[in-house]
Amino acid sequence: MKQGPLGTQSDRRNSGPAGHTPLSARLALQLAAPHTWPAAIIPVLFAVALAANAGRSIPVALAAALLAICILMQATANTLNDYYDFKKGADSLENQEDPTDAVLVYNRVDPASALRLAIGFLIAAALLGAYVVARTGWVPLAIGIIGAGVIVLYSAGKTPLSYLPLGEAVSGIAMGTLIPLACYYALTSHFVYYVVPCSLPLVIGIALIMFTNNTCDIEKDIEAGRRTLPVILGRERSRSAYHAVLIAWVVALTILAACFFTTGLLLVPFMLLILYPALRALWDNPLTLEARTPAMSLCLTANIGLGAFYVAIILFSTSARLALF
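Source: prediction; values computed, not measured.

Student: Can you help me understand empty space enclosed by the protein in this one?
Tutor: Empty space left among the atoms is revealed by rolling a probe the size of a water molecule over them. For the structure shown, the criterion picks out 1 cavity of 30 Å³ or more. The computed volume of the largest cavity comes to approximately 90 Å³. What lines the largest cavity is a set of 14 residues, among which Ile42, Pro201, Leu202, Asn303 and Gly307 lie closest to the centre. Elements supplying a minimum of two residues to the lining of the largest cavity: helix H3 (38-53), helix H10 (200-216), helix H13 (235-260) and helix H15 (292-323). Its residues placed into classes, the lining of the largest cavity shows 11 nonpolar, 3 polar and no charged.

This is the structure in structure tokens:
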């Protein structure tokens, strides 16, 4: 059924007494934004691969719980971001062409329902977190609390982090480094120094998602009073910085593979060959509001591809090392 500014015809027929569309499973899923979940999934898989590389046996139930927690936290962040953007008036029919990216605007969902959904995601994550803490101790909990705090500060408050030039760095470090640290400790009961430097490609990739979004949304963000990094740099300098980050992303992954996962370096040429079209298209994208949808799709594709290859590089290095003994 055709989607319009007020939702589907079925949604409008089922509107509540206040004129709001009920929060259906379809709309809840749109608020959770599954297309962004790779940013939460890949760091967990990365931690699992590192644990395997260290010779640890992987408890499947624990790894599944960690994965579910991170997805729920990502869904929480996405829902809260939509909620606060709606409340602050940053999203409107004029500046959002994609109905799935402005669910509250296009479907007239009661914002309170979205807030309750976000709290529900957070409670579900906390319940699974209790299981993890019972298995592993309080250290992953402490890291998780820091991550939850970042999620709230990112979207909430008078001046959330998403309105500042810190948004890219904070999201990249919180998801690209804190998640692997917490998951690695939960799986092995140890901290190792190389988790932090090895997580750099994840930090860059996740930060690039926000950088893509914010560069495309420069005009919209100026109207909303945001002072994001692209707003400060301007579009031309943002595109130059964007190209530099793309190069740094691939170079960092290659150098880390050479330093820590030498045998897996054999997969890098295949990675570059397979992902070149997406990376090239991302390089050529003008990063304007009109090009936002393909730019975000390409950036997420690149994150999935590079992240999956990075995990494969680590596992290939692990398998090759074990085969020698």
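Student: How should I be thinking about a nonpolar patch on the surface in this particular structure?
Tutor: A surface patch of nonpolar side chains, about 340 Å² in accessible area, is lined by Ile247, Val251, Ile255 and Trp283. In this fold, isoleucine 255 is placed in helix H13.

Student: Teacher, can you tell me more about H3 here?
Tutor: With 16 residues, H3 extends 22 Å from end C-alpha to end C-alpha; this agrees with the ideal 22 Å at 1.5 Å per step. In terms of burial, H3 is largely enclosed, as 12 of its 16 residues are buried. Among the residues of H3, Pro38, Ala39, Ala40, Ile42, Pro43, Val44, Phe46, Ala47, Ala49, Leu50, Ala51 and Asn53 are the ones counted as buried. With its phi angle positive at about 85 degrees, glycine 55 sits one or two positions after the end of H3.

Student: Just to check I follow, could you spell out the packing of H13 against helix H14 (residues 268-284) for this structure?
Tutor: Helix packing geometry: the angle between the two helix axes and the distance between the axes. At a closest axis distance of 12 Å, the pairing of H13 and H14 adopts a crossing angle of 170 degrees. Considering their axes alone, H13 and H14 lie roughly antiparallel with respect to each other. Taken together, the residues of H14 that come into contact with H13 (itself represented by Arg239, Tyr242, His243, Leu246, Ile247, Val250, Leu253 and Thr254) are Val268, Met271, Leu272, Leu279, Leu282, Trp283 and Asp284. Here the residues of the contact of H13 with H14 are counted per class, giving 11 nonpolar, 2 polar and 2 charged.

Student: Would you take a moment to explain the pattern of salt bridges for this structure?
Tutor: Evaluation of the coordinates by the stated rule reveals 5 salt bridges. The closest approach of N and O atoms between aspartate 217 and arginine 292, which form a salt bridge, is 3.4 Å. Highlighted residues: aspartate 217 in the loop between H10 and helix H11 (218-223) and arginine 292 in helix H15, separated in sequence by 75 residues. Residue aspartate 217 is classed as buried on the basis of its relative accessible area, which comes to 2%.

Student: Any chance you could explain the layout of surface pockets here in plain terms?
Tutor: Of the voids in this model, the second largest pocket is the one considered here, and its volume is about 180 Å³. If you go around the second largest pocket, the residues you meet are Leu246, Ile247, Val250, Leu272, Tyr276, Leu279, Arg280 and Trp283. Where the lining of the second largest pocket is concerned, the elements lending two or more residues are H13 and H14. Among the elements that take part in the lining of the second largest pocket, H14 stands out by supplying 5 residues, more than any other.

Student: Mind showing me how you'd approach helix H2 (residues 25-32) here?
Tutor: Every α-helix carries 3.6 residues per turn, so stepping three or four residues along brings you back to the same face. All buried positions along H2 are accounted for by Leu27, Ala28, Gln30, Leu31 and Ala32. Of the residues one or two after H2, alanine 33 is the one with positive phi, at around 55 degrees.

Student: Would you take a moment to explain the state of the cysteines for this structure?
Tutor: Covalent bonding between the sulfur atoms of two cysteines defines a disulfide. Per the counting criterion, the structure on display carries 0 disulfides. In this structure cysteine 198 is a free cysteine whose sulfur lies 8.7 Å from that of cysteine 259, the closest cysteine sulfur available. Cysteine 259 gets classed as exposed once you look at its relative accessible area, which sits at 54%.

Thresholds, definitions, all that
Residues numbered from 1 in each chain as written. Predicted model: local features only at pLDDT ≥ 70, side-chain atom pairs only at ≥ 80, totals over all residues. Heavy atoms only, no water. 1 Å grid on protein atoms, 1.4 Å probe; cavity = no way out; pocket = protein on both sides within 12 Å on 5 of 7 lines; lining within 4 Å. Points joined across faces, edges and corners; volume = space filled by probe spheres on them. Helix = DSSP H or I, 4+ residues; strand = E, 2+ residues; numbered from the N terminus. Nonpolar A, V, L, I, M, F, W, Y, C, P; charged D, E, K, R; others polar. Patch = residues over 30% accessible without salt bridge, like charges linked within 9 Å, V, L, I, M, F, W, Y side chains within 5 Å. Areas by Shrake-Rupley, 256 points an atom, 1.4 Å probe, with all protein chains shown as cover. Salt bridge = Lys/Arg side-chain N within 4 Å of Asp/Glu carboxyl O. Expected span 1.5 Å × (residues − 1). Buried < 20%, exposed > 50% of the residue type's maximum accessible area, 1.4 Å probe, protein only. Axes fitted to C-alpha atoms, helices over the stretch in contact; angles between N-to-C directions. Parallel < 35°, antiparallel > 145°, perpendicular 65-115°, else oblique. Contact = heavy atoms within 4.5 Å. Disulfide = S-S within 2.5 Å.

Remember that the coordinates give geometry; whether it matters functionally is a separate question.
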